[in-house]
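# Structural overview
One letter stands for each residue in the lines below.
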Amino acid sequence: MNWLAKLMGGRDGATSPDTNVLQTIADWKALPACDPNRPHFEARYTIVNTEASGLNLDHDTLLSVAAIGLNEGILTPENSFYAALEPHPAATLAELLRFAGKEPLVVFNAGFNRSMLERAFDTHLGFVPELIWLDLFILLPTLFPDRINRNARLADWMEAFDIETFQRHHALGDAFVIAQLMLAAQARALAQGVSTPRALVEVERARRQLQRHT
Amino acid sequence: MTVTAPDMLVGASSDFLKRFSPFNRMEPEALAFLAQRAALAFHARGNEILTPEMGQARHFYIIQRGKVQSRQTGATVVTEYASMSMGPGECFPIGAISASRPSTNAYVAVEDSFCFQITADDFMQLMQMSPVFHLFCTQYIASLLNQSRQQLQTTFSQRAAEQQTMTTPLAQLVKQEPVFVAPDCSTREALEKMAELHIGCMVIADAEQRPLGVLTQSDLLPRLLLPGVDLSLPISEVMTANPHELLSTASAYDAALAMATHGVRHLLVIDADGRLQGVVSERDLFSLQRISLRQIRAGIESATEAKALQRASQDIRQLALNLIAQGIGAEQLTQFISALNDALTRRIISLALEHHDLYGIDFAWLSFGSEGRHEQTLSTDQDNGIIWVCPELQELEKLRVRLVKFAREVNDNLAACGFPLCKGNIMASNPDLCLTLDEWRSRFGSWIREPDPQALLNASIFFDFRVLYGNERLGDHLRAWLNKSAKSNATFQRMMASNALQVVPPLGRIRDFVLDDDGMIDLKKSGARLFVDVARILALRTGAESSSTVQRLRRAAVKMGVPNEEVSAIIDGFHFIQLLRLRSQHLDTEHDDVTDNKVNPETLNELDRRILKEAFRQARKLQLRLKLDYQL
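I will try to describe carefully the structure that is included in this document. (Residues numbered from 1 in each chain as written. Chains lettered and ligands numbered in written order. Predicted model: local features only at pLDDT ≥ 70, side-chain atom pairs only at ≥ 80, totals over all residues. Heavy atoms only, no water.)

### Description of the packing of aromatic side chains
What describes a pair of aromatic rings is the distance from one ring centre to the other and the angle between the planes of the rings. Overall, the coordinates contain 30 aromatic pairs over all chains when judged by the stated rule. Through a chain of ring-to-ring contacts, the aromatic side chains of Phe368(B), Trp440(B), Phe444(B), Trp447(B), Phe462(B), Phe463(B), Phe465(B) and Phe492(B) assemble into a single cluster. Between Arg44(A) and the ring centre of Phe99(A), over which it is positioned, the NZ or CZ distance is 5.4 Å. Seen from the ring of Trp28(A), Lys102(A) lies directly overhead, with NZ or CZ sitting 5.0 Å from the centre. (Phe/Tyr/Trp six-rings, centres within 6.5 Å; stacked < 30°, edge-to-face > 60°. Lys NZ or Arg CZ within 6 Å of the ring centre and 35° of its normal.)

Below you can see the structure in the form of structure tokens.
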């Protein structure tokens, strides 16, 4: 079953497809693919973060999503997105895609956030968008071993960088923390010669392999 | 209503900003504007955030986290600090961004730092919408002015022999417990006490220790010995009543000025309740100084011919140099020069009066131009005139001839004392400027009624008059009449305003300054004059009676409801230009008209350059005000 049929079929109970949602998705699909070799100072990253009913991937469901765009190393308040999934999960997820475009997505703890999001895309939109994902959970200790040389919780990184946010455990509140960490990560990566999204992906992959083998 | 993601992030920024001054006092709309536009960026340790090489500053930064060091670049250290580190809530570069020019400091992150940034356009808009923020930036720039003065002082300290500071409060100069006697004490007893304690000045005070009079050593001969006064008389019979007093919080400078003004050698120092704290003598103030006020003053007072006054006039220049070394600002310095030059001129006039019989003629000697404004620098030529009243049944022209003859002697002697003759013949010896009160009125009146270019030029010189010698009331009458006439003539004011706007501050669009053909800036013509001209118009319009530019601006500002900070910033700018003028006159060892008042901005240090630019911006602001007021 293709994504359109799924949407039309209304597996989640929707009787008619929302034409706006269809249009948004069509527009998104028409976007050119992101160039992973663009240097950080020209690249755009989208921080995404989720809020779920709990931490169990099998039982818990996605409640809301937040995103903050980083454009050429700058965080501006208007470049942000936050919405609850209900009552229109398909519309919310489509809007998230519209906001993020095809630029690399940055999460903290992909194991949970990426899985949660991809499952929601599959459920409500009927497809899983192919995007570059970066996980600061893995990248931060690689880039900043001088601060924390192990996989650490978001709270630990906040402390290490003396970063604050307006609300912890809120999808956007935490996204704001992750965005600030990403700003720092970009600068450190650049200083180490890791100057593009693709290079960051490589660093992350190497770290994961190292961890698997030790 | 739902709260959007941008709202939440803006809220986070404004919560942060509210923890710091001046943002915590900022108007809510202005704070919201700032928080909406504040973008966050990261600067790794060791990275340059802003340097002079980056060109015109494009962003204004507020540190969110971390530490940024501001370091002076270039060969010389121009502020009191060579580098300064800044933490969360602090912002930069205020001077560069408000003046749209490159920063003079290099800003480097010394820790991993996050900074908010807004664009230069947003910064300007914020300044416009927020009086609080505007004030914050203005005060910051004012503090730079202060630093420059300190630096100037250091330069001159090296040139001057002494370091004694003229800003010391009198309380610190008074070393002895006050010595005084009661008014009923016998003269003999008082004299014995003076001899015993080796003091040159005895104070007579009441039971509350409030001074009633003084008796000084120099009084002994004329007042006691020669008349053969009975020494058993109470001292109150022979003392000088109502002695000159100063509060103990006044500075050595204030004391020196008072001594020069009143021609006394001792001043009584009192506390806030008027109780005697001690006595300061000229010797206390200038014991270390090569040329003392006493010497200059004594030289002036004792001169019996104009030749002897020439020496005093050279000493005045030398003293001015010492005073700059001691950190006296332009305002006090010009006042000081003015006070001594006044004394000199008065002495020349009274010497001339010994040869000219003007008995029975009610007259006053007028100063015009910078002397009239108390803004003399060290290379001012003379601008003067006479106002007089013709007694009934006397022949007008005959009297005028006598006055002119007298004036010629004064003008010549002033010239011999270093006040060059006026090239434009604006001198009292010009019969055209030796006018009766009625004639001056009709002269001024014709300029006001028909303000052609020559009339406007005349107004700019002659309307800054003050009485230097003779009957002050003649000057008061003329001033009152002038203010009334000019105030009611809007056309004249408008023409004056348009004339004042002919010269614009030499600020460049691309480069900092627009230079004359010789690569210099004329600090008089394109600097001080801009302030002086506007101040004159504002004074006429608001009826302010002072002839000094600073007083005119202050009084006009009160009447026009201009905020105090704003007028203070303008006055600071004016003083800075005056200070640069004085400095260039001093540093040119040869007294040379050509280079006086000229400055080559290339030779200024960075801080002076940026302050000069700010001073010109203040002039532009003042002109803009005039432009709006008269819709020019």
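### Examining the pairing of strand E10 (residues 201-205) of chain B
All names here are of chain B. With five of its five residues buried, E10 lies for the most part within the structure. Here E10 shows a buried face lined by Cys-201, Val-203 and Ala-205 and a second buried face lined by Met-202 and Ile-204. Of the strand pairs in this sheet, strand E9 (residues 180-181) and E10 are connected by two bridges, and their pairing is parallel. The partner of Phe-180 across the bridge, within E10, is Val-203. From the end of E10 to the start of strand E11 (residues 211-216), which pair antiparallel, there are five residues, and Gln-209 there has a positive phi angle of about 70°. (Buried < 20%, exposed > 50% of the residue type's maximum accessible area, 1.4 Å probe, protein only. Helix = DSSP H or I, 4+ residues; strand = E, 2+ residues; numbered from the N terminus. Pairing = 2+ DSSP bridges.)

### Details of the sheet that holds strand E17 (residues 384-389) of chain B
Residue and element names in this part refer to chain B. The strand order across the open sheet formed by four strands is E18-E17-E16-E19, and the pairing between neighbours is mixed. Looking at the sheet topology across the chains shown, the edges are occupied by strand E18 (434-436) and strand E19 (466-470). Pairwise comparison of adjacent strand axes, ignoring direction, gives a mean angle of 35° for this sheet. The pairing of strand E16 (residues 362-367) with E19 spans four bridges and is antiparallel. Residue pairing for E19: Leu-366 is matched across the bridge by Val-467. (Axes fitted to C-alpha atoms, helices over the stretch in contact; angles between N-to-C directions.)

### Comments concerning the interface of chain B and chain A
A common way to report how large an interface is uses the accessible area buried once the components associate. On the side of chain A, 25 residues touch chain B, which itself brings 20 residues to the contact. Interface of chain B and chain A: buried area, both sides summed, is about 1,800 Å²; carbon and sulfur atoms make up 67% of it. Contact with chain A buries area across many residues of chain B, yet Leu9(B), Leu40(B) and Arg65(B) alone supply 31% of it, more than any other trio. At the surface where chain B touches chain A, the tally comes to four salt bridges. Asp162(A) serves as the salt-bridge partner of Arg65(B), at 3.8 Å between the closest nitrogen and oxygen. Where chain B touches chain A, the interface holds five residue pairs in polar contact (both at pLDDT 80 or more). Among the secondary structure elements, those contributing two or more residues to the side of chain B that touches chain A are helix H1 (5-17), helix H2 (28-37), strand E1 (39-43), strand E3 (59-65) and strand E8 (113-119) of chain B. (Contact = heavy atoms within 4.5 Å. Buried area = accessible area lost by both parts, 1.4 Å probe. Salt bridge = Lys/Arg side-chain N within 4 Å of Asp/Glu carboxyl O. Polar contact = N/O pair within 3.5 Å; in protein donor to acceptor, adjacent residues only side chain to side chain.)

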